[in-house]
Amino acid sequence: MTDFVFYGFLYSGFLICLILSIFLVKKLFSQRLTIRFHYYIWLALPFSAIALFFPDSGTYGQAHITQTASSAGSASGSPLWGNAAGTLQDFAVNSRSGFGETLCIILSAIWLAGFLIMLTRLGIALRHTAGLCRRATSLKAEQQTFAVCESAADLLNLRQPYPVAISAEIQSPATVRVLRPQVLLPVSCVHGQEKDLRYILLHEFTHCKYRDPLFNLLMQLFLCVNWMNPAVWYVMRQMEADREACCDHLVLEALCGRERIEYGHVLLSWAGRGEAFAAVGMGSGRTMLHRRILRIASYKPDSSLRQKGSALLLLAAMLLTFVLAPSVHGLSGSRFKPPEDLNISYENLESYFDGQEGSFVLYSQNQDHYTIYNKSASTARVSPNSTYKIYSALAALEAGVIESSNSSRQWDGTKYAFSQWNRRQTLRSAMQNSVNWYFQGLDQQMGQDALQDFYHKIGYGNENLNGGISSYWMESSLKISPLEQTMLLTDFYENQWHLKESSVSAVKDALLISQNKGVRLSGKTGTGMKDGREMSGWFIGYVESPQGLFVFALNLQGESGASGSRAAQIALRILEDRQIL
């Protein structure tokens, strides 16, 4: 929930920057860009929201991607490996929701309530306009008036007039319906002068021709999602003004001389009359009307060069938005962007997970190849929980807080829920029993600044220790993805960071789970508990065998039942079925 709120604020900030950029471009190039550009540039806003759903739209550079299916085989491998999951000590401490998370829940609830209210409001408006259409009388029944419709359609190069109907329930002409636009006219329009009706129909048919009801619906939906952002409310009014100015300009292109002045007079006669919430029409406020009249009076046709330049700039703006909007994911630190040269294949291992959400990453050192199940989840960063202890120990060994030959630390007498914690610990016993107080003591003695430098040196996930020196790794600020876990563990095994060999060897010894016939299994589990529920389960490790080195990471996510021991069971079954164990 905290990530959701943080990401919401991050996207709101991005939107404000985008809106300010649009206003700046409109201001600097107001005389060089077409009126249509000033209107259609607002499409960048809903387009940015759509682009957010494509954070992984590209492939991983030169990665070789294949898609194969696998099914879960029997768990009847070697008894040694089959029992390994049961021997792993998976101790998890409950983490309760703090004030920050409670506040995030409240903010999320407020946003959701507002979103539902806005969506309901829009739905009622659409239903109301649909009712207006059903109760309206088709204009085809009046031959003389219908001839005016045909004349307006001809002037706009339409094959046939859009459907026009008369309604006694509206005060101003309006264009309604998204997929099949229709014009609704008040009764007073039909009984007025034919020339005035012609100008009104030109205006409304232009709205129909350029699908303004669809644009209006997109913007209304965008407002529903971003109703908490005051800048979006302001943009809605500006967009409406630009829409009417654009429509006026397109109508003026079809008229000439005296007709343009007459069109302005008709516009004045309909000033101040409202229009339906889910419709577009001629009505507008006095300030907007004043600007529209000034534009009509100073009308000049757009040159071909201006039209082409505006079209190119609009296309560039949309492409830039599509590129920048997904980067909000990266700014939030919630997703890992893999290097471009990874050799990757994807396999469907869903049957192993028995309906649980999760991801599995396997790296073969000999083949320099990654096998991944669930591409999206493999790059999603989540709390490492107890798997972080591998690197907490490594940092402490490098800093001299403990030594490979003397890693013992005295228990302070505090009674813990797990009897294995209530005794003196060495690095191996603390790693095997996942003793929190041991590693928290190492971290505190290291200090947050030194820890931060170490995690930055090795590139550990988002490197965020703001959750506090005692709990940053426990469903808190520090996040890492399954793919990163695998890459980091490979670097650790190969000592790519040029650490002391004694430090690396000590941690490797502490991670050893079991060995049989020249095959060694090493690893660490981790469980994230929130309010008594197991919500995140990790099992990361590596297998050393005659076939080579295999490094793996498996993560489970869920509202309950996502534990480290469950992750270990699944991972070992996969490794056995692949004959790695």
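It should be noted that the structure appears before, not after, this text.
Quick caveat: nothing in here was measured; it's all calculated off a predicted structure.

Novice: Any details on the layout of surface pockets? Residues and values, ideally.
Specialist: Taken as a whole, the second largest pocket spans an internal volume of roughly 780 Å³. Lining the second largest pocket are 29 residues; nearest its centre among them are Ser-30, Gln-31, Ile-35, His-38 and Arg-295. By residue number, the principal contributor to the lining of the second largest pocket is helix H10 (residues 230-254), which donates seven residues. Tallied by class, residues from the lining of the second largest pocket come to 11 nonpolar, eight polar and 10 charged.

Novice: Give a detailed account of helix H8 (residues 194-209), specifying residues and quantitative values.
Specialist: Spacing of three or four residues puts side chains on the same side of an α-helix, whose turn is 3.6 residues. In this model H8 runs 22 Å from its N-terminal to its C-terminal C-alpha over 16 residues, within 8% of the 22 Å that 1.5 Å per residue would give. Across the 16 residues that make up H8, a large majority, 12, are buried. Phi turns positive, to about 55°, at Arg-211, one or two residues after H8.

Novice: Give me the pattern of salt bridges: which residues, what numbers.
Specialist: Enumeration over the complete set of coordinates arrives at 13 salt bridges. We note a salt bridge from Lys-26 to Asp-242, for which the minimum N-O separation is 3.0 Å. Here the residue Lys-26 occupies a position in helix H1 (residues 2-28), and Asp-242 occupies one in helix H10, the gap between them amounting to 216 residues. Here the two residues Lys-26 and Asp-242 agree in accessibility, since each one is buried. Where Arg-578 meets Glu-347, a salt bridge forms, and the shortest distance between an N and an O atom there is 3.0 Å.

Novice: Give me the lowdown on the pairing of strand S12 (residues 519-530), citing residues and values where you can.
Specialist: Of all 12 residues making up S12, 11 are buried, and the element is well covered by its neighbours. Pairing of strand S11 (residues 512-516) with S12, which is carried by four bridges, proceeds in the antiparallel orientation. In the strand pairing of S12, Gln-515 is matched with Arg-520. Hairpin connection of S11 to S12: two residues between the antiparallel strands, including Lys-517 at a positive phi of 50°. When S12 meets strand S13 (residues 533-545), the two strands line up antiparallel, connected through 11 bridges. Its bridge partner lying in S13, Lys-530 is registered against Arg-533.

The rules behind these values
- One numbering rule holds for all chains: residues counted from 1, following each sequence as written.
- Local features in this predicted model are restricted to residues whose pLDDT is 70 or higher, and side-chain atom pairs enter the listing and the counts only when it is 80 or higher, whereas totals over whole chains, interfaces and linings include all residues.
- Side-chain measures here rest on the full set of heavy atoms in the structure, leaving out hydrogens and waters.
- The distinction between a cavity and a pocket rests on a 1 Å grid over the protein atoms alone: a 1.4 Å probe fits inside a cavity but cannot get out, while a pocket stays open yet meets protein on both sides within 12 Å along at least five of seven lines, and a residue with an atom within 4 Å of a point counts as lining.
- Grid points are joined across faces, edges and corners, and a volume is the space filled by probe spheres set on the points.
- Runs of H or I in DSSP of at least four residues are treated as helices and runs of E of at least two as strands, each being numbered from the N terminus.
- Put simply, Ala, Val, Leu, Ile, Met, Phe, Trp, Tyr, Cys and Pro go in the nonpolar bin, Asp, Glu, Lys and Arg in the charged bin, and everything else, Gly too, in the polar bin.
- Residue count minus one, scaled by 1.5 Å, sets the expected span of a helix.
- Whether a residue is buried, partly exposed or exposed follows from its accessible area with a 1.4 Å probe, protein chains only, as a fraction of its type maximum: under 20%, in between, or over 50%, in that order.
- Salt bridges are defined by distance alone: a side-chain nitrogen of Lys or Arg within 4 Å of a carboxyl oxygen of Asp or Glu.
- A strand pair is defined by DSSP finding two or more bridges across the two strands.

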